[in-house]
Amino acid sequence: AQDALTLPSSAIGTFVMAQTLGGVLASALFGIISDRWGPRYVVRLATAAGAIAPLFALAMYLTQGVLTAQAFPFVYLVLGVANSAYMLGFSNYLLAIAPGESRPIYVGLSNTILGVMTIVPTLGGWILEVSSYTFLFCLAGALGIGAFAVAMRLRSAQATTSACSSHPTDSLARP
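No experiment lies behind these values; they were computed from the predicted model shown. The numbers attached to residues start from 1 for each chain and follow its sequence in the written order. Local features in this predicted model are restricted to residues of pLDDT 70 or higher, and side-chain atom pairs are both shown and tallied only at a pLDDT of 80 or more, whereas totals for entire chains, interfaces and linings draw on every residue. Where side-chain values are given, they derive from all heavy atoms of the structure, hydrogens and water being excluded.

## Comments concerning the overall build of the protein chain
Inference 1: Secondary structure elements follow DSSP: runs of H or I of four or more residues count as helices, runs of E of two or more count as strands, with numbering from the N terminus. Check the secondary structure of the protein chain and you find nine helices and zero strands.
Inference 2: Reading the helices (α) and strands (β) of the protein chain from amino to carboxyl end gives α-α-α-α-α-α-α-α-α.
Inference 3: For every residue, the accessible area (1.4 Å probe, protein chains only) is compared with the maximum for its type, and the residue is labelled buried under 20%, exposed over 50%, or partly exposed between those bounds. Counting over 175 residues, the protein chain shows a buried share of 34%.
Inference 4: Two residues form a contact once any of their heavy atoms are found within 4.5 Å. Here the analysis covers contacts within the protein chain between residues at least 6 apart in sequence; of these, 75% occur between residues at least 24 apart.

Below you can see the structure in the form of structure tokens.
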């Protein structure tokens, strides 16, 4: 935002506040959604937010209008929404679909994949060095849309929970 959109460095504080606000509000809302409808819906909303952020950033970059400075914090608000869904969405969904005896394997594999994902920001920086913001935001948006498409095909966690559980997340609350 500072380099490509020439926003002042003072905008960083606004971005941090927007991302924090998005995370706090989404956590409260995602808790209700997960409790009422299950973690699959939280995953869907998080992946939608993950797709919206780079696409909105791309729109701001391409238009560079007078409202860019006022509208760009929306990118960080949406990133806060997406980032807040890990435990309430992804982790709970994983635990809900994993057979009881295989949960440690599922969690271990998930953590291994997340560990490998720590190189993604470095990869993003390299992609930017060899291409452009437009390409990077298009790629991130396309990957986000792909993740959302996969999330829309997730099966209900209810089908994999025990018959004693009345709700897919009930089995998560008890050991």
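## Comments concerning a nonpolar patch on the surface
Inference 1: On the surface, Leu109, Ile113, Leu114, Val116, Met117, Ile119 and Val120 cluster together into a nonpolar patch covering about 620 Å² of accessible area.
Inference 2: Inspection of the secondary structure puts Val116 in helix H6 (residues 103–116). A patch is a set of surface residues, each over 30% in relative accessible area and not in a salt bridge, joined within 9 Å for like charges and within 5 Å for the nonpolar side chains Val, Leu, Ile, Met, Phe, Trp and Tyr. Note on areas: Shrake-Rupley with a 1.4 Å probe; residue coverage comes only from the protein chains shown. Throughout this description, the term salt bridge denotes a Lys or Arg side-chain nitrogen within 4 Å of a carboxyl oxygen of Asp or Glu.

## A look at the packing of aromatic side chains
Inference 1: When two rings of Phe, Tyr or Trp (its six-membered ring) have centres within 6.5 Å they constitute a pair, described as stacked for plane angles under 30 degrees, edge-to-face for angles over 60, and tilted for the intermediate range. Throughout the structure, instances matching the rule amount to six aromatic pairs.
Inference 2: Centre to centre, the rings of Tyr61 and Tyr133 are 5.5 Å apart; their planes meet at 50°, and the pair counts as tilted. Taken together, the residues Tyr61 in helix H2 (residues 39–63) and Tyr133 in helix H8 (residues 133–152) connect sequence positions 72 residues apart.
Inference 3: Of the aromatic side chains, those joined through ring pairs into one cluster are Phe15, Phe72 and Tyr76.
Inference 4: Remark: a charge is flagged as sitting over a ring if the NZ atom of Lys or the CZ atom of Arg is within 6 Å of the ring centre and within 35 degrees of the ring normal. The lysine or arginine in question, Arg36, covers the ring of Trp37, its NZ or CZ lying 5.7 Å from the ring centre.
Inference 5: Cation over ring: Arg44 sits above Tyr41, and NZ or CZ is 5.1 Å from the ring centre.

## Topic: the side chain of Ser84
Inference 1: By the secondary structure assignment, Ser84 is in the loop between helix H4 (73–83) and helix H5 (86–97).
Inference 2: At a separation of 2.9 Å, a polar atom in the side chain of Ser84 contacts the main-chain carbonyl oxygen of Val81.
Inference 3: Excluding residues that lie within four positions of it along the chain, Ser84 makes contacts with Gly23, Ala26, Ser27 and Phe30. We call two N or O atoms a polar contact when they sit within 3.5 Å, provided that within protein one can donate a hydrogen and the other can accept it, with sequence-adjacent residues counted only if both atoms are side-chain atoms.

## What to know about the environment of Ser156
Inference 1: Mapped onto the secondary structure, Ser156 falls in the loop between H8 and helix H9 (170–173).
Inference 2: For the pair Ser156 and Ala96, spaced 60 residues apart in sequence, the C-alpha separation works out to 9.3 Å.

## Let's talk about the packing of H2 against H5
Inference 1: As a rule, the C-alpha atoms of each element are fitted with a line to give its axis, helices using only the stretch in contact, and angles between N-to-C directions run from 0 to 180 degrees. Between H2 and H5, the shortest axis-to-axis distance is 8 Å and the interhelical angle comes to 130°. Compared by their axis directions, H2 and H5 come out oblique. Considering the relative orientation of H2 and H5, their crossing is left-handed. Residues Pro39, Arg40, Val42, Val43, Ala46 and Thr47 of H2 touch H5, and the partners they reach there are Leu88, Gly89, Phe90, Asn92 and Tyr93.
Inference 2: Side-chain classes follow a simple rule in which Ala, Val, Leu, Ile, Met, Phe, Trp, Tyr, Cys and Pro form the nonpolar group, Asp, Glu, Lys and Arg form the charged group, and the remainder, Gly included, forms the polar group. Its residues assigned to classes, the contact of H2 with H5 comprises seven nonpolar, three polar and one charged. Reported orientations rely on four angle classes, namely roughly parallel under 35 degrees, roughly antiparallel over 145, roughly perpendicular from 65 to 115, and oblique for the rest. The crossing is said to be left-handed when, going from far helix to near helix, the turn is anticlockwise and less than a right angle, and right-handed when the turn is clockwise.

Don't take any of this as a statement about function, it's just geometry.
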